[in-house]
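# Descriptive analysis of the structure
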Amino acid sequence: MLYMLDYGAGNVRSLANSIRKLGYDFEWVKSPADIQKADKLIFPGVGAFGPAMESLNRQGYSQPLKEFIASGKPYMGICIGMQALFERSTEAPNVPGLGVVPGEVDRFDAGPSTSTGAIKSVPQMGWNEANPVRTSAKQFGYQSGQHFYFVHSYRASFDIEKHKDWALTTTQYGDEVFLSSIRRGNVYATQFHPEKSGRAGLEILRAWLSEESAVKDDQWIVEPAQAAKPAQTDGLTKRVVACLDVRSNDDGDLVVTKGESYDVREKEEAKEVGGQVRNLGKPVDLALRYYLEGADEIVFLNITSFRSCPLQDQPMLSVLSNAAASIFVPLTIGGGIKDSVDPDGTKHSAKEVADEYFRAGADKVSIGSEAVLAVEELLQRAGSKDVARVKQDHLTGKTGIEMISKAYGKQAVVVSIDPRRVYVEKDEEVDPSHLACVVEGEKGSRYDGKRWWYRCTIKGGREDRDIDVVQLAKGVETLGAGEILVNSIDQDGQSKGFDRQLIDLVRGSVSIPVVASSGAGSAQHFEEVFAAKPLAQRAEPSSVEAALAAGIFHRKEVGIEEVKSALAEKGFKVRREKI
Ligand code: 1PR
């Protein structure tokens, strides 16, 4: 019998769904004795090394796991399930790993790449190659040209001496070459998430589950020294993300809607108030369509979450669990990830709300309004409007961002920013704390001669706050967010292109991945936003990692494949697979 170890963090539902989709059955490990009973064991997980190992120790799983591995029965680890095999991780230096694989796991270096000078975002979040270094990789389902979904800040560098017997595939991020999968004897593990890697990932799981991976031939394909050497560029692709704004329409049905500058009601002439909520389809159907069309990620935003109690918002949970049953790329859920109180007075922390969504199949949660309030409070505690003045003791550890990021890893926490332009005539009109956020319209554009800054809002643009996008972006990075989704109330639904100055400001302010959103109207708009090199505070930052669109995909004006083929023609790396 196959057993799956769920140590209580991260999205294990997707892996369960993938295994069932492939026609296999499994049992959950519920006690240490189950590990002894297992014929095959799979240990998945996103999350942080320390809490994962501590949880294994607390639940009495560490020793049975070591014994299982020593018994020669097949073990597969995924992400944290791979990192746990090493002796230790600098993520939690005082918590030992299982010590099956020599060496330690360490953080990606966010500094400039020696080959290209570009600064890379940490965590690595997205689709990268897994390059086979041994002939046996083929039996494990690896083929050239495939991409797999990675989401991690820590990695095991490929050390030839230590890992000669272990390396199966290597991957390059920036100019760092790390182990993306390892195998020796019965032990197999991947740093990427096969359950989130579309058809290519399902094939990896199928190969292990069906034991096609029983090794017949195991030679080095390339010299280890060659495999350890970084190439000129890494294999990370630009991500194309589809977004579904979800809410109940006036008949109470949950629909995908789409606004213009966040107004989602049909315009009815001769009426001052808007008409019906625009209905562009059913959330799960539309998400499935985008998966099949090649979306690299799908985001669901519950856009009326400020009204209701999310833990009672069962429709969004069931949207997510139904989507996760047949969609094998990362799913993000946003809207209402905050502390809440049920009508009966039961309190739930933002983390408990997020727990429900992760259990339902989310890979990341996106936090909007609460992130703004959390950064405002952080700056208040620091007694300054400058995030650079924030010190460790200003952090309480109690905000949703901090708690979720601690439990699930920062890669699981996206902050969604809803800024709006505030036009100004002269700098004197602007609070000095927002001056870093003032931009000028491009020469020759329709904004030539205009100046503005970007004010953050909450509750879907319904309430303005006295904080700008640079303060917010830096603040949420300090609190532990792993990615920033930059919307624009001005550009939303306009199909006139992304707000490049806004995106540049945010990109240049943080080291975590940035997703450009709002305003996509053509494939060319994606090319422009990916080609952009920000006017940055930092030397040679790269452009954004991902770009998101909603309206053009919903209305079938531009297809995802059309965007990707245009990007590929311009020389951008993109993931393309026929499903
Ligand atoms: O504040 O944590 O409860 O989260 C609420 C979330 O809902 C936020 O992420 C916020 O952006 C979103 N939201 C709230 N109201 C609206 C609205 O439209 N009335 N949607 C809304 C924001 C923006 C993007 C959109 C892009 C691309 N929508 O999600 O998909 O602008 O659209 P386009 O390609 O058609 O231009 P909280």
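Residue positions are given per chain, counted from 1 along the sequence in the order it is written. With pLDDT at 70 or above as the cut-off, local features in this predicted model cover only qualifying residues; side-chain atom pairs require 80 or more to be listed or tallied, and sums for whole chains, interfaces and linings still use all residues. Hydrogens and water molecules were not included; the side-chain quantities draw on all heavy atoms of the structure.

### Here's the deal with the overall build of the chain
Here is the rule: Secondary structure counts use DSSP, requiring at least four H or I residues in a row for a helix and at least two E residues in a row for a strand, with both numbered from the N terminus. Just to be clear, the radius of gyration here is over C-alpha atoms, and the globule rule we use is 2.2 Å times residues to the power 0.38. Relative accessibility decides the category of a residue: with a 1.4 Å probe and only protein chains considered, values under 20% of the type maximum give buried, values over 50% give exposed, and everything between is partly exposed. Only heavy atoms enter the contact rule, under which two residues are in contact if any of them lie within 4.5 Å. In this description, accessible areas are obtained by the Shrake-Rupley approach with a 1.4 Å probe, and a residue is regarded as covered only by the protein chains that are shown. Note on charges: Lys and Arg go in the positive column, Asp and Glu in the negative column, and His and the chain ends are not counted at all. The location of each charge is read from NZ of Lys, CZ of Arg, CG of Asp or CD of Glu.
Per the secondary structure count, the chain includes 18 helices and 28 strands. For 579 residues, the compact-globule estimate of 2.2 N^0.38 gives 25 Å, and the C-alpha radius of gyration of the chain, at 23 Å, lies within 12% of that figure. Once the C-alpha set of the chain is aligned to its principal axes, its extents read approximately 75 × 55 × 50 Å. Residues counted as buried form 59% of the 579 residues belonging to the chain. Sequence-distant contacts, at least 24 apart, represent 73% of the contacts inside the chain between residues at least 6 apart. About 22,700 Å² of surface is accessible on the chain, with carbon and sulfur atoms providing 47% of the total. In the chain, 72 side chains carry a positive charge and 82 a negative one; their mean positions are 2 Å apart.

### Some thoughts on the pattern of salt bridges
Put simply, the rule reads: For salt bridges, the criterion is a side-chain nitrogen of Lys or Arg within 4 Å of an Asp or Glu carboxyl oxygen.
Across all of its chains, the model carries 36 salt bridges by this definition. With its nearest N and O atoms 2.8 Å apart, the salt bridge here joins Asp296 to Arg575. Of the two residues, Asp296 sits in the loop between helix H9 (283-293) and strand S16 (297-302) while Arg575 sits in the segment after helix H18 (560-569), which places them 279 residues apart along the sequence. Pair check on accessibility: Asp296 and Arg575 agree, each one buried. One salt bridge connects Glu483 with Lys364, and the closest N-O pair in it is separated by 3.0 Å. Of the two residues, Glu483 sits in strand S26 (residues 483-486) while Lys364 sits in strand S20 (residues 364-367), which places them 119 residues apart along the sequence. According to the relative accessible area criterion, Glu483 is buried, its value standing at 2%. Look at the salt bridges and you will find they share partners, linking Arg239, Glu297, Lys364 and Glu483 into a network.

### Digging into the domain arrangement of the chain
We apply this condition: Note that the domain bounds reflect an automated or database-derived domain assignment. Accessible surface is computed with a 1.4 Å probe, and the buried area is the amount of it that two parts give up when combined, taken over both parts together.
Taken domain by domain, the chain holds domain 1 (2-227) and domain 2 (239-569). Listed by partner, the interface residues are 32 residues for domain 1 and 37 residues for domain 2. Regarding the contact of domain 1 and domain 2, the summed buried area is about 2,500 Å², with carbon and sulfur atoms giving 55% of it. The interface formed by domain 1 and domain 2 contains one salt bridge. Here Lys196 and Asp363 are joined by a salt bridge, their closest N and O atoms 2.8 Å apart.

### Re the packing of aromatic side chains
Centre-to-centre distance and the angle between the planes together describe a pair of aromatic rings. As a reminder of what qualifies: Within 6.5 Å between ring centres, the rings of Phe, Tyr and Trp (the latter by its six-membered ring) count as paired, and their orientation is classed by plane angle as stacked under 30 degrees, edge-to-face over 60, tilted in between. Charge over a ring is defined by NZ of Lys or CZ of Arg lying within 6 Å of the ring centre and within 35 degrees of the ring normal.
Per the counting criterion, the structure on display carries 20 aromatic pairs. Relative to Tyr173, the ring of Phe108 lies with its centre 5.1 Å away and its plane at 75 degrees, an arrangement referred to as edge-to-face. Remark: Tyr173 occurs in strand S11 (residues 167-173) and Phe108 occurs in the loop between strand S6 (101-107) and strand S7 (124-128); sequence separation between them is 65 residues. Both residues of the pair, Phe108 and Tyr173, belong to the buried class. Members of the aromatic cluster, connected to one another through ring pairs, are Phe108, Tyr142, Phe148, Phe150, Tyr173, Phe178 and Phe192. Between the NZ or CZ atom of Lys40 and the centre of the ring of Trp208, over which it lies, the distance is 4.4 Å. Taking the ring centre of Tyr447 as reference, the NZ or CZ of Arg421 above it sits at 4.3 Å.

### Looking at the sheet that holds strand S3 (residues 40-43)
Applied cut-off: DSSP-based pairing: two strands are paired if at least 2 bridges between them are found. For every element, the axis is a line fit to its C-alpha atoms; helices are fit only across the contacting stretch, and the angle between N-to-C directions ranges from 0 to 180 degrees.
On the basis of which strands lie adjacent, the open sheet formed by eight strands has the order S2-S1-S3-S4-S13-S12-S11-S8 and mixed pairing. The two strands at the open ends of the sheet, each matched to only one other strand, are strand S2 (27-28) and strand S8 (131-132). Examined bridge by bridge, S3 and strand S4 (residues 75-78) share three bridges and lie parallel to one another. Residue pairing in the sheet places Ile42 in a bridge with Met76 of S4. Packed onto the sheet, helix H4 (residues 62-70) meets S3, S4 and strand S13 (187-190) and runs at close to 130 degrees relative to S3.

### A few points about the site of the ligand
Our working definition: The cutoff for a nearby residue is simple: one of its non-hydrogen atoms must lie within 4 Å of the molecule or strand. N or O atoms within 3.5 Å of each other form a polar contact, as long as, within protein, one can give a hydrogen and the other can take it, and as long as residues adjacent in sequence are counted only when both atoms are side-chain atoms. Amino acid classes used here: Ala, Val, Leu, Ile, Met, Phe, Trp, Tyr, Cys and Pro are nonpolar; Asp, Glu, Lys and Arg are charged; the rest, including Gly, are polar.
What surrounds the ligand is a group of 25 residues, the closest being Lys258, Ser369, Asp418, Asp492 and Ser518. At 2.8 Å from a nitrogen atom of the ligand is found a main-chain nitrogen or oxygen belonging to Tyr262. Between an oxygen atom of the ligand and a side-chain N or O atom of Ser416, the distance comes to 2.7 Å. In isolation the ligand has 770 Å² of accessible area, and contact with the protein removes 98% of it. Within the residue set of the shell around the ligand, elements represented by two or more residues are strand S14 (239-248) and strand S28 (546-549). Residue classes in the shell around the ligand are distributed as eight nonpolar, 13 polar and four charged.

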